Amino acid sequence: MTNAPILKLDHLGVTFPNNPVFSDLNLTIRQGEVWSIIGKNGVGKTTLMRTLLHQLRPTQGKVTYLPSVNDVRIGYVPQFRNIDADYPLTIRDFIGLNLTGWKLPWLSAKERVKVQRIIEQTGLTELANRPIGQASGGEKQKAYLAQALVEAPNLLILDESTASLDPVTKTELLDLVTELNQRLNLTVLFVTHDIPMAQKYTHQYLMMTPGKVEQGPISQLTDDKVWEGENV
Amino acid sequence: MFSYEFMRNAFAAGTIIAVICGIMGVFVIARNMSFLTHTLSEIGFSGAAFGVFAGWAPLNGMLLFTVVSSVIVGQLSARSERREAATSAISALFIGMGILFLSLANKNASYATSILFGSVIGISVSDVRQMLWLSLVVLIVVFVLYRFLKFDSFDHTGARVKGLWTNALSITFLVLVALSVSVAAQIVGSLLIFILLTLPAATAKYFAHTVGGMMVLAIALALIGVWSGLTLSYFTNYPVSFFIAAIEAIFYFVALGWQRLQTAE
């Protein structure tokens, strides 16, 4: 059975003054799918993510989060975050930041359980009380992932979040994402330059090149296509 | 010392100031807004001078100027790359205006000194009451917005992605800082107010393990500075702002040294 669509892009385009970034982008993403968004720097991957996050208004077409999935919640994991190494902000505290709303300043018992569950799921139990500023690159990425997951998203965007990690940590993080995808039917968009990782961990690809967007099952992403995409 | 009414008032006012500055300081440090706080202090000086010129209480002039300008500063400096330059320009303009208003009001240099450096003698019971009300407003708004402010202050990227109204939060926060500046300037003066809004929290960040802990420690450090400063000023007759500045600066340098030792180990 095919999963329900969660996100639909209809003739989507973004143009900055005198600079068309991308245009006529059509895409349907279904629940539980894992997509890699690939393309060289400056091609508009981040612009597309900002459009999906409603931080940028498209100049053409539209983004629709489909009603078949009630209440689409997006978790976003960026590559970098500007967090002072001296802040007394533990990883546990950092994860809890995402639990906002018109509530009391402190977390309720229910919310603390929620945070603890995510800490365990992401393998951060040993590190939970360490200041986030003192964590390693891989530990920070795990904490960013945990923060994105604490509100139980059904769409997770990894925006080059493995780019600065060593191969072992990268694999560890993506294994974790794969496990969450299978267990929670989480939809994942993985923005990356790392083609082997995309081929290993994603189901579909969207390759952005200046003036052209190509998509398909990841098995059809051949080396020729990648070479062509990177040399347009 | 407590047999004098002005000292009782000064201690009451000092306690309110320390609590407000300890709490607000945590967010000021997390948002890297120390320089902006300094500018608001100078705007406070200009406002107080305008109050004197207009025949109002200096606190009311200060409130008017700091609150209005915090909204303008917030709009101008929404983009961090132009924050420094915009802040410097506004700072220069308001110091100049402060001097002009004092000159127009025909007040002498000692009056300017008391606005700039604060005074414990002039604080009345009604001043304390007004400070208490203003502080309650700040505390209630911080309590209601706490989760949003904490998220935006400690993880701005995350807050933006979450879709929090970060620009509105930033302006609201600046208005709260403006209120705190106006309240605290009563004792330490407008020129040195940023001491209490930045140093206790900057010191606390090296010792605390959580944001809540940082807040409690910042309040404690501000209280120690204000109470000791008032006591030393009473017995020596030297300006209270000097003692508060010296105590808070010593705390900060000790914390910095301690942190370096920890890093070296």
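Small disclaimer: the values here were computed from a predicted structure and weren't measured.

## Some remarks on the overall build of chain A
Right, so step 1: A tally of regular secondary structure across chain A gives seven helices and nine strands.
Right, so step 2: Its C-alpha radius of gyration of 18 Å places chain A within 12% of the 17 Å reference for a compact globule of 232 residues.
Right, so step 3: With the C-alpha coordinates aligned to their principal axes, the bounding extent of chain A is approximately 50 × 45 × 40 Å.
Right, so step 4: Of all intrachain contacts in chain A linking residues separated by at least 6 positions in sequence, the fraction that spans at least 24 positions is 70%.

## Focus: the overall build of chain B
Right, so step 1: Of regular secondary structure, chain B possesses 11 helices and zero strands.
Right, so step 2: Ordered by position from N to C terminus, the α and β elements of chain B give α-α-α-α-α-α-α-α-α-α-α.
Right, so step 3: For chain B, whose C-alpha radius of gyration is 18 Å, the value lies close to the compact-globule estimate of 18 Å for 265 residues.
Right, so step 4: C-alpha atoms of chain B, sized along the principal axes, occupy 50 × 40 × 35 Å.
Right, so step 5: Put simply, chain B has 265 residues, and 52% of those count as buried.
Right, so step 6: Sequence-distant contacts, at least 24 apart, represent 73% of the contacts inside chain B between residues at least 6 apart.

## Considering the environment of Ser23 of chain A
Residue and element names in this part refer to chain A.
Right, so step 1: With respect to the helices and strands, the residue Ser23 is situated in strand β2 (residues 19–30).
Right, so step 2: Between the alpha carbons of Ser23 and Lys212 there is a distance of 8.2 Å; along the sequence they are 189 residues apart.
Right, so step 3: Residues in contact with Ser23, not counting those within four places in the same chain, are Gly13 and Gln60.

## Section: the interface of chain A and chain B
Right, so step 1: Of the residues lining the interface, 21 residues belong to chain A; the matching set on chain B comes to 24 residues.
Right, so step 2: Class assignment for the residues of the side of chain A that touches chain B results in 10 nonpolar, seven polar and four charged.

## Points about the sheet that holds β2 of chain A
Residues and elements named next belong to chain A.
Right, so step 1: Sheet architecture is open: three strands sit in the order β2-β1-β4, paired in antiparallel fashion. Each edge of the sheet is formed by a strand with only one pairing partner; in this case those strands are β2 and β4 (60–65). When the angles between neighbouring strand axes are averaged without regard to direction, this sheet yields 15°.
Right, so step 2: Examined bridge by bridge, strand β1 (residues 5–16) and β4 share five bridges and lie antiparallel to one another. Residue pairing for β4: Gly13 is matched across the bridge by Gln60.
Right, so step 3: With respect to the sheet, helix α1 (residues 45–52) is in contact with β1, β2 and β4, its orientation differing from that of β1 by roughly 125°.

## Here we look at the sheet that holds strand β7 (residues 187–191) of chain A
All names here are of chain A.
Right, so step 1: The mixed open sheet is built from six strands, whose spatial order is β5-β6-β7-β3-β8-β9. At either end of the open sheet lies a strand with only one pairing partner, and these are β5 (74–77) and β9 (212–217). When strand polarity is set aside, the average angle formed by the axes of neighbouring strands in this sheet is 15°.
Right, so step 2: The strands touched by α1 are β3 (34–38), β6 (155–159), β7 and β8 (204–209); relative to β6, the strand with the most contacts, the crossing angle is about 150°.

## Concerning the domain arrangement of chain A
Residue and element names in this part refer to chain A.
Right, so step 1: For chain A, the domain assignment lists domain 1 (1–73 + 153–232) and domain 2 (82–152).
Right, so step 2: Taken over C-alpha atoms, the centre of domain 1 sits 26 Å from the centre of domain 2.
Right, so step 3: Here the element with the most residues in the side of domain 1 that touches domain 2 is helix α5 (residues 167–184); it accounts for three residues.

## Focus: the confidence of the model for chain B
All names here are of chain B.
Right, so step 1: Of the residues in chain B, 92% have a pLDDT of 70 or more, and the chain-wide mean is 85.
Right, so step 2: Taken element by element, the predicted model of chain B shows its lowest mean pLDDT in helix α5 (residues 109–117) (68) and its highest in helix α10 (residues 211–236) (93).
Right, so step 3: Interface confidence for the predicted complex, expressed as ipTM, amounts to 0.81; the pTM equals 0.83.

## Considerations on the pairing of β8 of chain A
Residues and elements named next belong to chain A.
Right, so step 1: Counting buried residues along β8, five of its six residues qualify, which places the element largely inside the surrounding structure.
Right, so step 2: With four bridges joining them, β3 and β8 adopt parallel strand pairing. Across the sheet, the residue bridging to Ser36 is Tyr205, located in β8.
Right, so step 3: Looking at chain direction, β8 and β9 are connected through six bridges and run antiparallel. Bridging from a neighbouring strand, Tyr205 pairs with Gly216 of β9.
Right, so step 4: Between β8 and β9, which follow one another and run antiparallel, lie two residues, and Gly211 among them has a positive phi close to 80°.

## Some remarks on the environment of Thr172 of chain B
Residue and element names in this part refer to chain B.
Right, so step 1: Structurally, Thr172 can be placed in helix α8 (residues 166–188).
Right, so step 2: Here Thr172 falls in the partly exposed class, since 19 other C-beta atoms lie within 10 Å of it.
Right, so step 3: Between the alpha carbons of Thr172 and Gly98 there is a distance of 25 Å; along the sequence they are 74 residues apart.

## Some remarks on unusual backbone geometry
In terms of backbone geometry, most residues other than glycine have negative phi values and most peptide bonds are trans.
Residue and element names in this part refer to chain B.
Right, so step 1: Phi angles above zero are rare outside glycine, and Asn32 is one such case at about 55°.
Right, so step 2: Structurally, Asn32 can be placed in the loop between α1 (5–30) and α2 (34–54).
Right, so step 3: The backbone phi angle of Asn237 is positive, close to 75°, even though this residue is not glycine.
Right, so step 4: Locating Asn237 in the fold gives a position in the loop between α10 and α11 (240–264).
Right, so step 5: On the basis of neighbour counts, which here come to 7 C-beta atoms within 10 Å, the residue Asn237 falls in the exposed class.

## Observations concerning the confidence of the model for chain A
Right, so step 1: Averaged over all residues, the pLDDT of chain A is 85; the fraction at 70 or higher stands at 94%.
Right, so step 2: Least confident of the elements in chain A is helix α7 (residues 223–230) of chain A, whose mean pLDDT is 66; most confident is helix α2 (residues 91–96) of chain A, at 93.

Definitions and cut-offs
Residues numbered from 1 in each chain as written. Chains lettered and ligands numbered in written order. Predicted model: local features only at pLDDT ≥ 70, side-chain atom pairs only at ≥ 80, totals over all residues. Helix = DSSP H or I, 4+ residues; strand = E, 2+ residues; numbered from the N terminus. Rg over C-alpha atoms; globule rule 2.2 N^0.38 Å. Contact = placed C-beta atoms within 7 Å. Buried ≥ 20, exposed ≤ 12 C-beta atoms within 10 Å, placed from the backbone. Nonpolar A, V, L, I, M, F, W, Y, C, P; charged D, E, K, R; others polar. Pairing = 2+ DSSP bridges. Axes fitted to C-alpha atoms, helices over the stretch in contact; angles between N-to-C directions. Domains from an automatic or database assignment. pLDDT = per-residue confidence, 0-100.

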